[in-house]
Amino acid sequence: DRTAAVPLPGRAVATLRRPSGDGETVFSVSDAYLDESFLAPVVGETLPKPYINVLMKEPVARFLELTHERYVRELGESFGSVTAMFTDEPSLKTVWERDIPYAVIPVSDGLIRAYGAKSGRNLEDDVPEIVSGAAVGGTAAKRHLFWSLVAERVASNYFGQIAAWTRAHGILSGGHLFDEEGGQFHVGLYGDFFRALRRLESPGCDMLTSVPRRMGWCAPGLAGSAGELNG
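Report on the accompanying structure. These numbers come from a predicted model, not from an experiment. (Residues numbered from 1 in each chain as written. Predicted model: local features only at pLDDT ≥ 70, side-chain atom pairs only at ≥ 80, totals over all residues. Heavy atoms only, no water.)

### Quick word on the overall build of the protein
Part 1: Helix and strand counts for the protein come out as nine helices and five strands.
Part 2: Its helices and strands taken in sequence order, the protein reads β-β-α-α-α-β-α-α-α-β-α-α-β-α from the N to the C terminus.
Part 3: Principal-axis analysis of the C-alpha atoms gives the protein an extent of 65 × 40 × 40 Å.
Part 4: The burial tally for the protein puts 34% of its 231 residues in the buried class.
Part 5: Long-range pairs, those at least 24 residues apart, make up 65% of the contacts in the protein with a sequence separation of at least 6.
Part 6: Element-wise, carbon and sulfur atoms account for 51% of the exposed surface of the protein, whose accessible area totals about 13300 Å². (Helix = DSSP H or I, 4+ residues; strand = E, 2+ residues; numbered from the N terminus. Buried < 20%, exposed > 50% of the residue type's maximum accessible area, 1.4 Å probe, protein only. Contact = heavy atoms within 4.5 Å. Areas by Shrake-Rupley, 256 points an atom, 1.4 Å probe, with all protein chains shown as cover.)

### Overview of the pairing of strand β2 (residues 23-31)
Part 1: The pairing of strand β1 (residues 11-20) with β2 spans nine bridges and is antiparallel. The partner of R11 across the bridge, within β2, is D31.
Part 2: Between the antiparallel neighbours β1 and β2 lie two residues, among them G21 with a positive phi of about 65°. (Pairing = 2+ DSSP bridges.)

### Brief notes about helix α6 (residues 137-168)
Along an α-helix, a turn takes 3.6 residues, which lines up residues three or four apart on a common side.
Part 1: Taking 1.5 Å of rise per residue, 32 residues should cover 46 Å, and α6 covers 45 Å from first to last C-alpha, within 8% of that figure.
Part 2: Its axis deflected by about 35° at G160, α6 carries its strongest bend there. (Expected span 1.5 Å × (residues − 1). Bend = angle between axes of the 7 residues up to and from the residue.)

### Brief notes about the packing of helix α2 (residues 57-66) against α6
Part 1: Where α2 meets α6, the axes come as close as 9 Å, and the angle between the chain directions of the two elements is 40°. Judged on the interaxial angle alone, α6 and α2 are oblique. In this structure, the crossing between α2 and α6 has a hand that is right-handed. Counting all contacts with α2, which are made through K57, V60, A61, F63 and L64, the residues of α6 involved are N157, Y158, Q161, I162 and W165.
Part 2: In the contact of α2 with α6, the residues fall into seven nonpolar, two polar and one charged. (Axes fitted to C-alpha atoms, helices over the stretch in contact; angles between N-to-C directions. Parallel < 35°, antiparallel > 145°, perpendicular 65-115°, else oblique. Left-handed = near helix turned anticlockwise from the far one by under 90°. Nonpolar A, V, L, I, M, F, W, Y, C, P; charged D, E, K, R; others polar.)

### Comments concerning the side chain of R143
Part 1: Mapped onto the fold, R143 is located in helix α6.
Part 2: The side chain of R143 is buried and forms no salt bridge, while E129, the nearest opposite charge, is found at 8.0 Å.
Part 3: Polar contacts involving the side chain of R143 include one to the main-chain carbonyl oxygen of I130, which spans 3.4 Å.
Part 4: Residues within four places of R143 in sequence aside, it is in contact with E129, I130, S132, G133 and A135. (Lys, Arg positive; Asp, Glu negative; His and termini not counted. Salt bridge = Lys/Arg side-chain N within 4 Å of Asp/Glu carboxyl O. Polar contact = N/O pair within 3.5 Å; in protein donor to acceptor, adjacent residues only side chain to side chain.)

### What to know about the sheet that holds strand β3 (residues 84-88)
Part 1: On the basis of which strands lie adjacent, the open sheet formed by three strands has the order β3-β4-β5 and parallel pairing. Two strands bound the open sheet, and with one partner strand each, they are β3 and β5 (202-203).
Part 2: Across five bridges, the pairing between β3 and strand β4 (residues 172-176) is parallel. Following the sheet pairing, T87 is matched in β4 by G175.

### Side note on helix α9 (residues 218-230)
Part 1: In a regular helix each residue adds 1.5 Å, so 13 residues correspond to 18 Å; α9 covers 18 Å between its end C-alpha atoms and thus fits that length.
Part 2: Those residues of α9 that sit buried are C218, A219, A223 and A226. Each buried residue of α9 sits inside an arc of 130° when the element is viewed along its axis, so together they form one side.
Part 3: Among the structural elements, α8 (193-198) and β5 are those in contact with the buried residues of α9. (Arc of directions from axis to C-beta.)

### Details of the nonpolar core
Part 1: L92, F146, V150, V154, F159, L177 and Y190 are the most contacted members of the largest nonpolar core, which totals 32 residues.
Part 2: Ranked by size, the runner-up nonpolar core spans five residues in total, among them A14, L16, F27 and V29. (Core = buried A, V, L, I, M, F, W, Y, C linked by side-chain atoms within 4.5 Å.)

### Examining the pattern of salt bridges
Part 1: All told, the structure shown has 10 salt bridges when counted by the stated rule.
Part 2: The shortest N-O distance in the salt bridge between E74 and R70 comes to 3.5 Å. Taken together, the positions of E74 and R70, both in helix α3 (residues 68-75) and four residues apart, correspond to about one turn of that helix.
Part 3: Take E74: its relative accessible area is 55%, and that puts it in the exposed class.
Part 4: Of the charged contacts, one joins R121 and D126 as a salt bridge, the two residues approaching to 2.6 Å between their closest N and O atoms.
Part 5: Three or more residues joined by partner-sharing salt bridges are found here, namely R18, R121, D126, E129 and K142.

Laid out in structure tokens, this is it:
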């Protein structure tokens, strides 16, 4: 919670204090869903419909049932002409295009258990080191462990689960990722952007322009590299 003037959404799970200069910084940690009301107290408007948690197998399996499986049913024999299924900018939704008074990190029950098993600590107790301060020493170790566990789950439970479905149906998993043009938000959105991208069997990028001098090299370079490495 970056300002006491804005109420913290969700259920409070911890209040933590850390030294800061001559005093201390107080961190309030809550367990809040990214639902329609999440930003309402901040910007006076609501979000689109809730987004699935791409860390988890279960909501992704339900997503496949509601979308991909329906294409098979509705298209019937015509589904045989499909080359690939496209996924458009899935992400952890921890990076926002506007200022918000919270630091948002992705979480699931499985992630909490894995972090505890790997570190011997409670995840909520390490939130200050995960969201703030220089990435050195113990802070760097906690942050690296957390985002590595996030990356493992995003790559496997979202992209990997979709790829398993497409392989079973004789087609490719394709698409592109969010905020691919620059690298500063890649960790917050995927844990490991390139690891997620490589799980796409037909990796792509969002070509916002076809004018060469206006097209950056980063996004097509990353997609091309993932394709080359995957053969």
